[in-house]
Amino acid sequence: MPTPLPASNLDFLGWTWSQIEPLYAALEAHPLTADTLEDWVADWGRLGKHVDEGYWRLWVAPTLNTLDEAAQTRFQTYLSTIHEPAIAAESRLKAKLLTSGLHPKGFDNPLRNMQAEVDIFSEANLPLLTEEHRLGNEYDRLRSLQTVMWEGQETALVQLEPVYRDPQRTRREQAWRLGMERCLQDRDAMNALWVDMMQVRHQLALNSGLPDYRAYKWQQLLRLDYTPQDCEMFHDSIEQVVVPAVQRILTKRRKHLKLDTVRPWDLDVEIDDLPPLHPFSGVEQLQDKAAAVMESLDPDLSAYYQTMRREGLLDLDNRPGKMPSSYCATYAVVERPFVFMNITGTHDDVMTLFHECGHAFHTFECTHLPHHEHLHIGLEFHEVAATALELLAAPHLVSTGFYSPQDAARARITHLKAFLRFWPYCAVVDAFQHWAYTHPDDMLDPARCDAQWAALWGRFMQGEDWSGLDEIMMTGWQRKLHVFRSPLYFIEYGLAQLGAVQIAQRAHENEADAITHYRKALALGGTVSLPELFTVAGAKLAFDADTLAQAVNYIEDTIAELEAQADV
């Protein structure tokens, strides 16, 4: 008889594959009938949760300190000795369930997902997936080591971001150039890493019988409700609707700052001669003020947040060696999220915390679902959960002590303008990856990648003056974590932002109703399709210019109202 699963995943992490494999073998051998189905699926789910939580706990550890070689080794060992064979065993169990013709309750969407996963599974890909993880960790290491000497102190590049808001233009430019020049020092290393990654990814596609990595990743990401052509339509819609709106913003910025052109170091500074916003001082004050916002939004959301504080599930400070990013991980066994950030004292930190808490609340809302497969949710709606919370929280920045009314209006204007500016950048990142993965020969030549990025930058990022900065501009793909770490995972943010704006429009009319629908959608987990999740949340999954234009109009109208309040 197999050894029963431990109650704690921390105990499970001490298990070897020889202890885990019999549990999978027992499930594979167990007769699957209508009478045994529910218990079988539940047993499978409990095992899957342990394997999943073990992965995330060991993935998180080296992000806390990218210089911790022991943590890196533990993660890599888990990938090769546990995760690889578990993926193969999971695929066999999915095939067993699909072949049985049985249909567990609430499994319409999970069964569709399972079929897509089984169709691309290849034993030959298991070591390649582990190698892809290893290369991703190397990217994290390179980025975490990018520091500069700024005003006599060794400074991580992320810590320069507040300087980009400094009213002194020469100081902004100096900091910006210093950071970019440091990135260029790793250009050759990044190019070599990229080539290694691309070779691995193309082989993953070939091993699965698919023509290119885009086709493989599309299915791996379970994008079953829209196509690459829909994304291309979204790119065109952004070019048609959003690029002109951003140009209007940049023209106003140029005039207010009395500049001939808007340079990259002019994009974040305040345009009203007021000092930069300082919403909080230190981690504790940020957490306290955020707690007040959650309390004002919804009592259950507030309780989730307090649980995270009480249980130490928020790691927000910035420190040497910490991965320069933010994320929310989910620990499936204990049914808890973990939020990771690098705060620098800006309004972006406030919005990032709300964003990651949106992911965390999604985890809490799904804990009632009976099966592990119900937690496999389209990344697009994961990002709706996060991005919508940014907009739902924004009207509460005054009453909860973050800002004065004028500063809150300034903060919200900045945030909404960032929404508009993000869509063209999203199109650059997504279109670049579509090109790369459908041009397997060209993608192995970093010079061609530079040229493609530059062409897309010229198409979408109009109104910014990058003259004389060609080398920095064309290597922008090297500074985008998702391009290396999470291939093709970026359009989700653009689609989610569109969904979130629709939810915000609903909240503008009736906040309580909007939050109710938002939470109902979160609670569905992965039990329904992506379009259905958007609909329940009070939005629509869309790619067309008309829907995008409605969102842009709402944002521009809201900005105009806030500018009157801020007297901008």
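Above this text is the structure in question.
Quick summary incoming for the structure in this document. (Residues numbered from 1 in each chain as written. Predicted model: local features only at pLDDT ≥ 70, side-chain atom pairs only at ≥ 80, totals over all residues. Heavy atoms only, no water.)

A word on unusual backbone geometry. Positive phi, normally seen in glycine, also occurs at Glu151, with a value near 50°. For Glu151, the location among the structural elements is in the loop between β1 (147–150) and β2 (153–156). A positive phi angle, near 65°, is found at Leu488, a position not held by glycine. For Leu488, the location among the structural elements is in the loop between α18 (481–485) and α19 (491–509). Under the relative-accessibility criterion, Leu488 is labelled buried at 0%. (Helix = DSSP H or I, 4+ residues; strand = E, 2+ residues; numbered from the N terminus. Buried < 20%, exposed > 50% of the residue type's maximum accessible area, 1.4 Å probe, protein only.)

Axis separation between helix α11 (residues 282–297) and helix α12 (residues 299–310) bottoms out at 8 Å; the angle between their running directions is 160°. As the angle between them shows, α11 and α12 are arranged roughly antiparallel. For the crossing formed where α11 meets α12, the hand is left-handed. Residues Glu284, Leu286, Gln287, Asp288, Ala290, Ala291, Met294 and Glu295 of α11 form the contact with α12, whose own contacting residues are Leu301, Ser302, Tyr305, Gln306 and Arg309. (Axes fitted to C-alpha atoms, helices over the stretch in contact; angles between N-to-C directions. Parallel < 35°, antiparallel > 145°, perpendicular 65-115°, else oblique. Left-handed = near helix turned anticlockwise from the far one by under 90°. Contact = heavy atoms within 4.5 Å.)

Quick look at the packing of helix α10 (residues 228–256) against helix α22 (residues 545–566) now. Contact geometry of α10 with α22 gives a least axis separation of 9 Å together with a crossing angle of 20°. By the angle between their directions, the pair α10 and α22 is classed as roughly parallel. Remark: the crossing between α10 and α22 carries right-handed chirality. Judged by residue contacts, Phe234, Ser237, Ile238, Gln240, Val241, Val242, Ala245, Arg248 and Lys252 of α10 engage Ala545, Leu548, Ala549, Val552, Glu556 and Glu563 from α22.

The next point concerns the sheet that holds strand β5 (residues 336–340). Strand order in this open sheet of three strands is β3-β5-β4, and the pairing throughout is mixed. On the outer flanks of this sheet lie β3 (314–315) and β4 (327–331), each paired with one strand and no other. Relative to β5, β3 runs parallel, the two being bridged by two bridges. Pairing of Leu314 across the sheet is with Val339, part of β5. Here helix α3 (residues 37–64) sits on the sheet and contacts β3, β4 and β5; the angle it forms with β4, its principal contact strand, is near 145°. (Pairing = 2+ DSSP bridges.)

On to the nonpolar core. Ranked by internal contacts, the top residues of the largest apolar core, which has 156 residues, are Trp194, Phe354, Phe361, Phe381 and Trp423. Top element by residues in this core is helix α15 (residues 405–438). It accounts for 19 residues. Counting residues in each nonpolar core, the second largest holds 34 residues, with Trp15, Val60, Leu79 and Leu111 among its members. (Core = buried A, V, L, I, M, F, W, Y, C linked by side-chain atoms within 4.5 Å.)

In this structure, β1 lies alongside β2, joined through four bridges in antiparallel fashion. Bridge pairing in β2 places Met149 opposite Glu154. Where β1 folds back onto β2 in an antiparallel hairpin, the turn is made up of two residues, including Glu151, whose phi is positive at roughly 50°.

What describes a pair of aromatic rings is the distance from one ring centre to the other and the angle between the planes of the rings. Considering all chains together, one arrives at 39 aromatic pairs under this definition. Aromatic pair Phe12 and Trp15: ring centres 5.6 Å apart, planes at 35°, arrangement tilted. Trp15 carries the same exposure label as Phe12, and that label is buried. With centroids separated by 5.0 Å and ring planes inclined at 65°, the aromatic side chains of Trp194 and Trp477 adopt a geometry described as edge-to-face. Of the two residues, Trp194 sits in helix α8 (residues 187–207) while Trp477 sits in the loop between α17 (470–474) and α18, which places them 283 residues apart along the sequence. The class for Trp477 is buried, based on a relative accessible area of 0%. The residue whose ring lies beneath Arg223 is Trp218, and the NZ or CZ to ring-centre distance is 4.5 Å. For Lys322, the ring lying beneath its charged end belongs to Phe340, and the centroid distance is 4.7 Å. (Phe/Tyr/Trp six-rings, centres within 6.5 Å; stacked < 30°, edge-to-face > 60°. Lys NZ or Arg CZ within 6 Å of the ring centre and 35° of its normal.)

Glancing now at the pairing of β4. Each regular strand displays side chains that alternate between the two surfaces of the sheet. The element β4 is extensively covered by neighbouring structure, given that four of its five residues are classed as buried. Alignment of β4 against β5, held across five bridges, turns out to be antiparallel. Across the sheet, Cys328 pairs through a bridge with Val339, a residue of β5.

Okay, the side chain of Thr400 next. Residue placement: Thr400 occurs in the loop between α14 (379–393) and α15. The class for Thr400 is buried, based on a relative accessible area of 11%. In this structure, Thr400 is in contact with Lys289, Ala292, Val293 and Ser296, ignoring residues within four places of it in sequence.

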